[in-house]
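Coordinate analysis (summary)
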Amino acid sequence: MQWEELLSLRRQGDRNKRLRKEQEEIRLGFEVDYDRIIFSSSFRSLQDKTQVIPLSKTDFVHTRLTHSMEVSVVGRSLGRIVGMKVLEKHPYLKEVHGYRFNDFGAIVAAAALAHDIGNPPFGHSGEKAIGSFFKSGRGAAYRELLTAEEYQDLIDFEGNANGFKILTESREGVQGGLRLSYATLGAFTKYPKGSLPKKPTSHIADKKFGFFQSEKAFFEEVATELNLKVTRSGEAVSYARHPLAFLVEAADDICYTIIDFEDGINLGLIDEEYALEYLIKLVKDRINTGKYGELKTKEDRISYLRALAIHTLIEEAARVFIENEDAILRGEFSVSLLDRSIYKAQVNDIIKLSVEKIYKSEEVTEKEIAGYAIVEKLLDVFCKAALRKLQGEETHYDKLVLQLIPEKYRHGFTSEYCCLLGVSCFVASLTDGRVVGIYNKIGGGQIN
């Protein structure tokens, strides 16, 4: 893979080549990507979606919105550091094509900003609830209506694939969704493959999937423009990752490792003294003991160590990327950047403690159980109504409940697959609060 192709400014529908040298320096195309994402309604909805604690009433706990903004900031720093090194190694990118180190930062920042835009309510348990409905719940009855790939899209419903759909899906009058640059779409796609075959290798890019069957043709267009390396050919084509996707992933890994841990401490789920030991192990060679000793509150001590830990991991992830750039460009680097980090053991210790004390806490578990029931109820009602409408057999009740689904989804109900995927994507678009509200109305528990 070649950087001059990977940094493509092309957007869906473009007829002419967009050259970096012809870009307006005041507002570059990659910066336009960031603006379009942050002003989108799908991004705004992240303010009421779970990061750690579903439906939390505590003001300092992160939502998907604050998490995404922090990942974007970390991603921008990673991109700039890597961009400077790449331009030093490949000066023709600047001299011939006009690229600057800030371009790398802008691409990674935009892709990182959008990395959770397709996540359902209730976090990853929302994904599992959608998949469970189609695999072992009432939705399993629809299997015979679908191809193997279409069914796999549903039983392994994936927020990353839904995010690609949100960013790129055309509808009447709106071609190409947000019309982001192909470079940003490439960096956004951590798993450049369809839902089948499932986990064909241990390569990090094969861990999940990055597009539904409905977006397969367009993703292949993006991959062709970027000249992503084909790793498997045939009907189920797969590609190597865009190199900058490794930086987006690293930014996310850094933030959820450190900041979710910080939330757990502030919520009292993890004892402060116990937690500080874990953070200090990560940054022990960088602590200014004099400054640290002057900090009198728990919040200030945690904040200082958190900032130091994030800075440490940013520098480390950038180092691993630069040292392995050639392998990454060949599509041969098969793990995450932090998996090759000298701090891997310390990071894994923090994640292990977070899983035990935060993600499996009673509060999280109880709300995730409730989330399963809510998501499955909505899918059952809406899928039945959408399919009966498609078959011309809708009841008055079906007409009423379908009015709860925005037109942009209903207009796409043109086949069984599109109905079932469209309903799933609609439910995934709902905020934690909104999905509870609709559930109450459908169940007759709330009419005002």
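Report follows, based on the coordinates.

Rules of the game
Residues numbered from 1 in each chain as written. Predicted model: local features only at pLDDT ≥ 70, side-chain atom pairs only at ≥ 80, totals over all residues. Heavy atoms only, no water. Helix = DSSP H or I, 4+ residues; strand = E, 2+ residues; numbered from the N terminus. Rg over C-alpha atoms; globule rule 2.2 N^0.38 Å. Buried < 20%, exposed > 50% of the residue type's maximum accessible area, 1.4 Å probe, protein only. Contact = heavy atoms within 4.5 Å. Areas by Shrake-Rupley, 256 points an atom, 1.4 Å probe, with all protein chains shown as cover. Lys, Arg positive; Asp, Glu negative; His and termini not counted. Charge placed at Lys NZ, Arg CZ, Asp CG, Glu CD. Polar contact = N/O pair within 3.5 Å; in protein donor to acceptor, adjacent residues only side chain to side chain. Salt bridge = Lys/Arg side-chain N within 4 Å of Asp/Glu carboxyl O. Core = buried A, V, L, I, M, F, W, Y, C linked by side-chain atoms within 4.5 Å. Axes fitted to C-alpha atoms, helices over the stretch in contact; angles between N-to-C directions. Parallel < 35°, antiparallel > 145°, perpendicular 65-115°, else oblique. Left-handed = near helix turned anticlockwise from the far one by under 90°. Nonpolar A, V, L, I, M, F, W, Y, C, P; charged D, E, K, R; others polar. Expected span 1.5 Å × (residues − 1).

With that settled, consider the overall build of the chain. Looking only at helices and strands, the chain has 22 helices and two strands in total. Against the globule reference of 22 Å for 448 residues, the chain gives a C-alpha radius of gyration of 22 Å, in line with a compact fold. Viewed in the frame of its principal axes, the chain has a C-alpha envelope of about 70 × 55 × 40 Å. Looking at the chain as a whole, 54% of its 448 residues are labelled buried. For the chain, long-range pairs separated by at least 24 residues make up 72% of all intrachain contacts whose partners lie at least 6 apart in sequence. In the form shown here, the chain has an accessible surface area of approximately 19900 Å², with 49% of it arising from carbon and sulfur atoms. Counting 61 positive and 66 negative side-chain charges, the chain places the centres of these two groups 1 Å from one another.

Our focus in this paragraph is the environment of T297. For T297, the position within the fold is in the loop between α14 (289-293) and α15 (298-323). Along the primary structure T297 and I155 are separated by 142 residues, whereas in three dimensions their C-alpha atoms are 47 Å apart. At 3.1 Å, the side chain of T297 and the side chain of D300 are in polar contact.

This part covers the pattern of salt bridges. Evaluated as defined, the whole model comprises 29 salt bridges. Between R138 and D380 there is a salt bridge, with its nearest N and O atoms 2.8 Å apart. A residue pair is termed long-range when its members are at least 10 positions apart, and R138 in the loop between α7 (124-135) and α8 (148-155) and D380 in helix α18 (residues 362-390) qualify at 242 residues. The partner of R301 in a salt bridge is E272, with the nearest N and O atoms 2.8 Å apart.

This part covers the nonpolar core. Across soluble globular proteins, nonpolar side chains show a tendency to be buried alongside one another. Residues W3, I37, L244, F261 and L337 are the most contacted members of the largest nonpolar core, which totals 93 residues. If we ignore the near neighbours within four places in the chain, the residues touching W3 are V86, H90, L93, F104, P243, L244, F321, E325 and L329. In terms of nonpolar packing, the next biggest core, distinct from the first, is built from 42 residues, A129, Y142, L379 and I438 among them.

Mapped onto the elements of the fold, R11 is located in the loop between α1 (3-6) and α2 (29-38). In terms of polar contacts, R11 uses its side chain to reach the backbone carbonyl oxygen of G29, at 2.7 Å. Engagement of the side chain of R11 in a polar contact is seen with the side chain of D33, the distance being 2.6 Å. The residues contacting R11, other than those within four sequence positions of it, are R18, G29, V32, D33, R36, R179, L180, S181 and Y182.

Attention now goes to the packing of helix α4 (residues 64-89) against helix α12 (residues 243-266). In the contact formed by α4 and α12, the axes pass within 8 Å of each other and the chain directions differ by 130°. Classified by the interaxial angle, the pair formed by α4 and α12 is oblique. Pair α4 / α12 crosses with right-handed handedness. From α4, H67, E70, V71, V74, G75, L78, G79 and V82 reach across to α12, where they touch L247, V248, A250, A251, D252, I254, C255, Y256 and I259. Its residues placed into classes, the contact of α4 with α12 shows twelve nonpolar, three polar and two charged.

Its place among the elements puts D271 in the loop between α12 and α13 (272-283). For D271, the side chain forms a polar contact with the main-chain nitrogen of E273, separated by 3.3 Å. There is a polar contact of 3.3 Å between the side chain of D271 and the backbone nitrogen of Y274.

For the rest of this paragraph, the subject is α12. With 24 residues, α12 extends 35 Å between its outermost C-alpha atoms, agreeing within 8% with the 34 Å of an ideal straight helix rising 1.5 Å per residue. Of all 24 residues making up α12, 22 are buried, and the element is well covered by its neighbours. Count one or two residues on from α12 and you reach G268, which has phi positive near 80°.

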